[in-house]
Amino acid sequence: GENVEQHPSTLSVQEGDSAVIKCTYSDSASNYFPWYKQELGKRPQLIIDIRSNVGEKKDQRIAVTLNKTAKHFSLHITETQPEDSAVYFCAAGNTDKLIFGTGTRLQVFP
Amino acid sequence: GAGVSQSPSNKVTEKGKDVELRCDPISGHTALYWYRQRLGQGLEFLIYFQGNSAPDKSGLPSDRFSAERTGESVSTLTIQRTQQEDSAVYLCASSRGSRYEKLFFGSGTQLSVL
């Protein structure tokens, strides 16, 4: 079955710096790659997603890149702010089932 | 309702007892997922329902776990003979069902097995 690996498990950055989180997936049939953010004590929420027909997508300070050949995708957050502190989950899917990575705890220090 | 509703929000049970967790998806959402999240861990896929198709049960960890959904409405996740390792937050999510739809998560049921 599909397996999604996510790195790093924890990431600490200074406010204003960039943060990068990387994921790899095993199922070459996967064609949809969303990212969810889970703030402490809250439910996960979608922040950005990318489909396999594009290599990059950007939304303000957040961007995702996809390398289908290498089966990896990344989340980039620029100009980080303390409110970006949360756990971030990548996911990969085909048909409709989504398999999530193990999460990255991002801490942004003021 | 406005969002995915799960009940109970907290459940404390004794080892060996059965528990039933409930999820009310957003009206009109044909896809429904159950995930398990152990403390500080990721989202572990359990089961997926899509409309009237046979559910994808490939993530259920043992035969003590089962789930049902009637049509496109409420789903229940049942854990029989609970064990301490079942302690976790059980999250339900629903979506409109097409391949690239956003998942809307419930607030979860915190299960504690003593």
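Anything mentioned here points back to the structure above.
In this report, the structure presented in the accompanying data block is examined. Predicted model only: the values in this text are computed from it and were never measured.

Quick look at the overall build of chain B now. In terms of regular secondary structure, chain B is built from zero helices and 10 strands. The linear arrangement of helices and strands in chain B, starting from the amino end, is β-β-β-β-β-β-β-β-β-β. In terms of principal-axis extent, the alpha carbons of chain B reach across some 40 × 25 × 25 Å. Scored against the burial criterion, the 114 residues of chain B give a buried share of 48%.

What the rule picks out here adds up to nine salt bridges over all chains. Notably, a salt bridge pairs D84 of chain A with R61 of chain A, separated by 2.9 Å at the nearest N-O pair. You can see D84 of chain A sitting in the loop between β8 (72-77) and β9 (86-94) and its partner R61 of chain A sitting in the loop between β6 (56-59) and β7 (62-67), a full 23 residues away along the chain. Close ionic contact of D86 of chain B with R64 of chain B constitutes a salt bridge, the shortest N to O distance being 2.8 Å. Separated by 22 residues along the polypeptide, D86 of chain B in the loop between β7 (75-79) and β8 (88-95) and R64 of chain B in the loop between β5 (44-50) and β6 (65-69) bring together distant segments of the chain.

On to the sheet that holds strand β1 (residues 5-7) of chain B, then. All names here are of chain B. With respect to topology, four strands assemble into an open sheet ordered β1-β3-β7-β6, the strand pairing being antiparallel. At either end of the open sheet lies a strand with only one pairing partner, and these are β1 and β6. Strand-to-strand twist in this sheet, taken as the mean axis angle between neighbours without regard to direction, amounts to 15 degrees. Pairing between strand β3 (residues 19-24) and β7: five bridges, direction antiparallel. Note on β7: the bridge partner recorded for L21 is L77.

Before going further, it helps to examine the interface of chain B and chain A. On the chain A side, the residues contacting the 23 residues of chain B number 18 residues. A combined buried area of about 1800 Å² lies between chain B and chain A, and 55% of that area is made up of carbon and sulfur atoms. Counting the contacts that link chain B with chain A gives zero salt bridges. Connecting chain B to chain A are four residue pairs in polar contact (both at pLDDT 80 or more). For the side of chain B that touches chain A, the secondary-structure elements that each account for two or more residues are β4 (31-37) and β5 of chain B. By residue class, the composition of the side of chain B that touches chain A is 10 nonpolar, nine polar and four charged.

Once that is clear, we can look at the state of the cysteines. Residues and elements named next belong to chain A. Counted under the stated rule, the structure contains two disulfides over all chains. Here C23 connects covalently by a disulfide to C90, the sulfurs 2.0 Å from one another. Negative torsions about the S-S bond denote left-handed disulfides, and the value of about -100 degrees found for C23 with C90 makes this one left-handed. Of this pair, C23 sits in strand β3 (residues 19-25) while C90 sits in strand β9, and the two are 67 residues apart along the sequence. The class for C23 is buried, based on a relative accessible area of 0%.

Rules of the game
- Residues numbered from 1 in each chain as written.
- Chains lettered and ligands numbered in written order.
- Predicted model: local features only at pLDDT ≥ 70, side-chain atom pairs only at ≥ 80, totals over all residues.
- Heavy atoms only, no water.
- Helix = DSSP H or I, 4+ residues; strand = E, 2+ residues; numbered from the N terminus.
- Buried < 20%, exposed > 50% of the residue type's maximum accessible area, 1.4 Å probe, protein only.
- Salt bridge = Lys/Arg side-chain N within 4 Å of Asp/Glu carboxyl O.
- Pairing = 2+ DSSP bridges.
- Axes fitted to C-alpha atoms, helices over the stretch in contact; angles between N-to-C directions.
- Contact = heavy atoms within 4.5 Å.
- Buried area = accessible area lost by both parts, 1.4 Å probe.
- Polar contact = N/O pair within 3.5 Å; in protein donor to acceptor, adjacent residues only side chain to side chain.
- Nonpolar A, V, L, I, M, F, W, Y, C, P; charged D, E, K, R; others polar.
- Disulfide = S-S within 2.5 Å.

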